[in-house]
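Structure at a glance
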There are 2 protein chains.
Amino acid sequence: MIKKILFNYYGLKELLDFLINTSKEVYNTIKPIIGSSLASEVIGKGAGGDWTMRIDRLAEDVIINSIKKQNLSCIVVSEESGIINIGSKRDFYIIIDSIDGTTNAVRGIPFFCTSIAISKSNLIKDVCTGVVLNLWDGTIFYAEKGNGAYMNDKKIKTSNRVLLEDAIIGIDFSKAEESIVNRLKPLFKKIKHIRHFGANALEICYVASGLIDAFIDIRRVLRVTDIAASYIILKEAGGLMLTPEKKEINSILEPTQRVSFIAASNPVIYDEILKNIKK
Amino acid sequence: MIKKILFNYYGLKELLDFLINTSKEVYNTIKPIIGSSLASEVIGKGAGGDWTMRIDRLAEDVIINSIKKQNLSCIVVSEESGIINIGSKRDFYIIIDSIDGTTNAVRGIPFFCTSIAISKSNLIKDVCTGVVLNLWDGTIFYAEKGNGAYMNDKKIKTSNRVLLEDAIIGIDFSKAEESIVNRLKPLFKKIKHIRHFGANALEICYVASGLIDAFIDIRRVLRVTDIAASYIILKEAGGLMLTPEKKEINSILEPTQRVSFIAASNPVIYDEILKNIKK
C-alpha cells in the first residue's frame, strides 16, 4: 500500500537522487566550520539525549529545508529534533542523523558522515533507500532495496574473509560497562586488527565496501537513527546485520530507540564473531 | 661527542630536510599500489618478526637508497631489514618503520604512514629528529629536539584537556591477553570517545597536534622502531610519553625491542589515565 503511494507520487529513483543531492548540500554547508570552535558550540539537547552542537543543527537544517522545498510529505525521524510531520499525506519516513561522528568533526579528525534513509514504515526492516556521505572527503555510499549498493558510481560488495586472525574488525565499546567488556574478551584476544574510527554509520559502510570485515556494537546505546541508512547499504552489498542473539534487528524508527548489533561481511565471519562473544 | 660529529659533517637542519624529502619520495613511490593485491604480496619475514609485504619492501628500498645516495655514514635500524651499517664512520642512527599501518595500506583504509628518526646513540632518549608522513594524504609531521614540532609548516602543540569524559583517547589492544583487558577495564568505562585508527606512529602524531588527547599501548608488543620518530614529535609538541610505571622510555633502538607506553597531551591527563589502569 505505502509502496504504491511511494511509486505513484515520487518514484524511488527520484527519492534516491534527492537524498544524494541533499547530502552533498550538507557537505558543502558544514565544510567551512570543520574543526572550529564555532562547530562545537552547544545549542541545546537533541531528541536522542545527546547535546546538539551548532554543526549538527546546521546540517539538520539543510536536510529539513531540502525536504520542505521538495514538497515531500513524510514523517522525519531525527536524532536532534525528534519526530517531525511534514506535509499532509505522510507517505513514508525519512530517518536522519545529520552528523554521525560529531566529536571527530569538531576536532578535525577526518572521519564523520551524514546519514539519510527512507522507510516505508516505522520499522527499520522496511528501510528501502539509504545514503551515507563521508563529510571529510565527499565519498558517497548509497543503496536501494533490490538494486545493490554503490560507493560513488562503483558497485560494492563485502569481503569474503572468514578468519578472525586475518580480519579487520571495528568495535565500539566507549564507556562500556565491565559486563560488556567481559563478554568481548575472547574476541579481543583473537582479533589482530581491532579498529574504531568514531562514526559508526561510516564504519558500517566500510564493511559494505570490503575495507573492513565487521563492525560490532553490543552496548545497546547506539540509536537506530544512526544506522538506518548504513543498514540497507550493508545488506545490499551482501553483508548482514543481526543482533548478538542472531535475530533480525526489528527496531521501531524512533530517536530514543537503541540497538545492539553485529554488522558482518558474510555469515561465516558473523558466526565466528558470535562464537567469541560470551553470553 | 657524537653530537659534535653530527653538526660537523651534516648539520641537523640538513638532516631534517633529508628526512622530509625521503618520506615524500616514499609517498610518491607507494601511491600507485595502495589497496592493491600487489601491495600485500608477502615476500619474506622482517627483522621485527612480522611478515614483510611488497609495499613495506618498496618503501624501505626508497629510504635505504636515499641514505646511500646522500653518502651518509650511519647505522640503520629497520623493522624489516634489521641493523644495517652504511658508510665507514657510522656517526649516528637512522630508525625507520617504512610503513606503519601496513594492514590499512593494503586494504585501502586511509590511515598509514612512514616513520624515520635520527638518534645520536642507540637509545630512544637520544632521538633528536623525527619525521612521520601520512602516506594517504601527504600530511607531514616533524620535529627537532629543542625546536618544536610542526605539521606541514604550522607549529603544533598538544591539547590541554584533562577530563577522561571529554577526551578522545586511542587504545591499541589488538590480540590483547585477558590480563591486559582487565587492567584497562576502568579506563574503558570512563572514556566516552575511544579510538584506534590502526597506525600507532600516526596516532601519536594526532596526540602531538591536539586532534586526540592520548594514545595508549600497554601490551608490550609494539616495536621501538615504530615510535622513535613520533616520540620526539610528541615531546616537542609539549606532550609526554612514559611507561605505565611512570618512567621514561629507555629502550635500546633494536628491531626486536618492544615497548609499553602512555602518550599523553599533558601530565594531568597522563595521571588520570594511570589512575584508571589496574596494576
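Residues numbered from 1 in each chain as written. Chains lettered and ligands numbered in written order. Predicted model: local features only at pLDDT ≥ 70, side-chain atom pairs only at ≥ 80, totals over all residues. Heavy atoms only, no water.

1. Points about the domain arrangement of chain A
Residues and elements named next belong to chain A. By domain assignment, chain A separates into domain 1 (8-156) and domain 2 (164-275). For domain 1 and domain 2, the distance between their C-alpha centroids amounts to 21 Å. The partner domain 2 presents 33 residues to the 44 residues of domain 1 that form the contact. The junction of domain 1 with domain 2 conceals about 2,900 Å² of combined surface from both sides, 70% of it contributed by carbon and sulfur atoms. Area buried by domain 1 at its contact with domain 2 is led by Phe111, Ile124 and Phe141, which between them contribute 25% of it. Between domain 1 and domain 2 we count 2 salt bridges in total. (Domains from an automatic or database assignment. Contact = heavy atoms within 4.5 Å. Buried area = accessible area lost by both parts, 1.4 Å probe. Salt bridge = Lys/Arg side-chain N within 4 Å of Asp/Glu carboxyl O.)

2. Brief notes about the pattern of salt bridges
A complete count under the given rule lists 30 salt bridges over all chains for this structure. Across the pair Lys246 of chain A and Asp271 of chain A runs a salt bridge whose closest N-O atoms are separated by 2.8 Å. One end of the pair, Lys246 of chain A, is in the loop between β14 (240-242) and β15 (258-264); the other, Asp271 of chain A, is in helix α8 (residues 267-275), with 25 residues separating them in the sequence. Using a relative accessible area of 46% as the deciding quantity, one classes Lys246 of chain A as partly exposed. Residue class for Asp271 of chain A comes out partly exposed when judged on its relative accessible area of 31%. Its salt-bridge partner being Lys13 of chain B, residue Asp17 of chain B comes within 2.8 Å of it at the nearest N-O pair. Note that Asp17 of chain B and Lys13 of chain B are positioned in helix α2 (residues 12-30) at a spacing of 4 residues, about one turn of the helix. (Helix = DSSP H or I, 4+ residues; strand = E, 2+ residues; numbered from the N terminus. Buried < 20%, exposed > 50% of the residue type's maximum accessible area, 1.4 Å probe, protein only.)

3. A short note on a nonpolar patch on the surface
The grouping of Val162, Leu163 and Val268 of chain A at the surface amounts to a nonpolar patch, some 230 Å² of accessible area in total. Within the element layout of this structure, Val268 of chain A appears in helix α8. (Patch = residues over 30% accessible without salt bridge, like charges linked within 9 Å, V, L, I, M, F, W, Y side chains within 5 Å. Areas by Shrake-Rupley, 256 points an atom, 1.4 Å probe, with all protein chains shown as cover.)

4. A few points about the pairing of strand β13 (residues 214-223) of chain A
Residue and element names in this part refer to chain A. Judged by how many residues are buried, β13 sits mostly within the fold: 8 of 10 residues are covered. Summarising the sheet, strand β11 (residues 168-171) and β13 pair through 3 bridges and their orientation is parallel. Each bridged residue has a counterpart across the sheet, and for Ile169 the counterpart in β13 is Ala214. Looking at chain direction, β13 and β15 are connected through 6 bridges and run antiparallel. In the sheet register, Ala214 faces β15, and the bridge partner there is Ala264. (Pairing = 2+ DSSP bridges.)

5. What to know about the sheet that holds strand β14 (residues 240-242) of chain B
Whenever strands of a sheet pair, they do so through backbone hydrogen bonds, lying parallel or antiparallel. All names here are of chain B. Spatial strand order, β12-β11-β13-β15-β14: 5 strands in an open sheet with mixed pairing. The sheet is open, and its two borders are formed by β12 (193-195) and β14, each paired with just one other strand. Taken over all neighbouring pairs, the strand axes of this sheet differ in orientation by 20° on average, direction set aside. Where β14 meets strand β15 (residues 258-264), 3 bridges bridge the pair, whose relative direction is antiparallel. The residue of β15 that forms the bridge with Leu242 is Ile262. Along the sheet, helix α6 (residues 200-208) makes contact with β13 (214-223), β14 and β15, crossing β13 at roughly 155°. (Axes fitted to C-alpha atoms, helices over the stretch in contact; angles between N-to-C directions.)

6. Re the interface of chain B and chain A
Each partner contributes to the interface: chain B provides 35 residues, whereas chain A provides 35 residues. Counting the surface lost from both chain B and chain A, the interface buries some 3,200 Å², and carbon and sulfur atoms represent 56% of this. The tally of links between chain B and chain A comes to 6 salt bridges. Between Glu177 of chain A and Lys189 of chain B there is a salt bridge, and its shortest N-O distance comes to 3.3 Å. Run the count over chain B and chain A and you get 26 residue pairs in polar contact (both at pLDDT 80 or more). Every element with two or more residues in the side of chain B that touches chain A is listed here: α4 (102-107), α5 (178-190) and β12 of chain B. At 7 residues, the largest contribution of residues to the side of chain B that touches chain A is made by α5 of chain B. (Polar contact = N/O pair within 3.5 Å; in protein donor to acceptor, adjacent residues only side chain to side chain.)

7. Quick look at unusual backbone geometry
All names here are of chain B. One non-glycine residue, Asn152, lies in the positive phi region at around 50°. Note that Asn152 resides in the loop between β9 (149-151) and β10 (154-156). Here Asn152 falls in the partly exposed class, since its relative accessible area comes to 35%. Here the phi dihedral of Lys175 falls at roughly 55°; this positive angle occurs in a residue that is not glycine. Here Lys175 shows up in the loop between β11 (168-171) and α5.

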